[in-house]
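Given next are the chains, with one letter for each unit.
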Amino acid sequence: IRIWNGEKLKNYHFFLLPCAVTFMVPGNLPIGCSTMYLGLYGNSKKEDYDKSGCIKWLNDFSIYHNDFLQKELNVLKELYPNTTIMYGDYYNAAMKFYQSPDSLGFKGGALNACCGSGLSRCCDDPSTYVNWDGIHLTEAAYKVIAVNLLQDHQQSFPNIRNISEVAPYKPEASDSLPPNSAGASTTFFYIWAFLVLSFFCSLYK
């Protein structure tokens, strides 16, 4: 849904918002630090770069986008006071490893890609790089962002204080199901969820 301004926003019917409990809407990353954009728009003018080596005007564009997004989210908060709508500050969370990559364990640097971007081979340890292939970040970089977001919105996630506490699920022997029962259970769950969602959403039509 395109949102142009606060007045036109009110003309849209957000079908799922009345039924949802919590939303987190991510802002834009500092695209001036992206390996791909550095390759596309890089030049020899020192004044175009900040002290981290990122292109300033591209980061300014990300900031402009994020400021506008937050204004529109404030409008949504007024329209749906019973729904928790949070802004995910990807920009400042990511700037932490662009400004101090070594302190966070990114010895390969924050602006270099581990793989792709014309490289003939991938790096040996992706966890020491911020950028994976010139466009996407590595899992290690996304973990830094996730930890910062959880800390910023700790009141909304009271049971998760650190991303490292979220352990992968390990099935127990008692969790085993009879043959073909998993598919049937999944189908039943989706039908049940659809009926419940349809009922509550119909109350707001």
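By the naming in an unreviewed UniProt entry, the protein chain is Sinapine esterase, taken from Papaver nudicaule. As stated in UniProt under Sequence similarities (unreviewed entry), the record for the protein chain gives "Belongs to the 'GDSL' lipolytic enzyme family."

Asker: Tell me about the packing of helix α4 (residues 90–99) against helix α5 (residues 139–152), residues and numbers included.
Answerer: The description of two helices packed together rests on the angle between their axes and the distance between the axes. The contact between α4 and α5 brings their axes to 9 Å, and the two run at 130°. With respect to α5, the element α4 is oriented oblique. α4 and α5 meet at a crossing whose hand is right-handed. For the pair α4 and α5, the contacting residues are Tyr-90, Ala-93, Ala-94, Lys-96 and Phe-97 in the first and Ala-141, Val-144, Ile-145, Asn-148 and Leu-149 in the second.

Asker: Which residues make up the nonpolar core, and what values go with them?
Answerer: Counting residues in each nonpolar core, the largest one holds 16 residues, and the members touching the most others are Phe-97, Tyr-98, Phe-106, Val-130, Leu-137, Ala-141 and Ile-145. No other element matches the 6 residues that α4 contributes to this core. Those residues in contact with Phe-106 that lie beyond four places of it in its chain are Phe-97, Pro-101, Ser-127, Thr-128, Tyr-129, Val-130, Thr-138, Ala-140, Ala-141 and Val-144. Core analysis: the next-biggest nonpolar cluster, separate from the first, contains 6 residues, Leu-69, Leu-73, Ile-85 and Tyr-87 among them.

Asker: Describe the environment of Asn-92, and please don't skip the residues or the numbers.
Answerer: Topologically, Asn-92 is positioned in helix α4. Here Asn-92 falls in the partly exposed class, since its relative accessible area comes to 45%. Counting along the chain gives 65 residues from Asn-92 to Gly-27, while the straight-line C-alpha distance between them is 9.7 Å. Here the side chain of Asn-92 touches Asp-89 through a polar contact of 2.7 Å, side chain to side chain.

Asker: So what about the confidence of the model for the protein chain? Which residues, and what values?
Answerer: For the protein chain, the mean per-residue pLDDT works out to 75, and 62% of the residues sit at or above 70. Predicted confidence in the protein chain is weakest over helix α1 (residues 6–9), with a mean pLDDT of 46, and strongest over α4, with 94. In this model, residues 1–16 is a region of pLDDT below 50 whose contacts with residues beyond four sequence positions or in other chains number 24 contacts.

Reading the values: the criteria
- Position numbers for residues count from 1 along each chain, tracking the sequence in the order it is written.
- Side-chain atom pairs in this predicted model are given and counted only at pLDDT of 80 or more, local residue features only at pLDDT of at least 70, and totals for whole chains, interfaces and linings cover all residues.
- Hydrogens and water are ignored here; the side-chain numbers use all heavy atoms of the structure.
- UniProt positions are given in the numbering used here, feature names are shortened, and annotations may be inferred rather than shown by experiment.
- Note on geometry: axes are C-alpha line fits, over the in-contact stretch for helices, and angles between N-to-C directions span 0 to 180 degrees.
- Secondary structure elements follow DSSP: runs of H or I no shorter than four residues count as helices, runs of E no shorter than two count as strands, and numbering proceeds from the N terminus.
- Any angle that falls under 35 degrees is termed roughly parallel, while one over 145 is termed roughly antiparallel, one within 65 to 115 roughly perpendicular, and all others oblique.
- Should the near helix be turned counterclockwise from the far one by less than a right angle, the crossing is left-handed, whereas a clockwise turn marks it as right-handed.
- The contact criterion used throughout is that any non-hydrogen atoms of two residues lie within 4.5 Å.
- What is meant by a nonpolar core is a set of buried Ala, Val, Leu, Ile, Met, Phe, Trp, Tyr and Cys residues, joined one to another through side-chain atoms within 4.5 Å.
- Here's how the labels work: a residue is buried when its accessible area is under 20% of the maximum for its type, exposed when over 50%, partly exposed in between, all with a 1.4 Å probe on protein chains only.
- Two N or O atoms count as a polar contact when they lie within 3.5 Å, although within protein this holds only if one can serve as hydrogen donor and the other as acceptor, and sequence-adjacent residues are included solely when both atoms are side-chain atoms.
- Values of pLDDT, which run from 0 to 100, indicate the predictor's confidence residue by residue.

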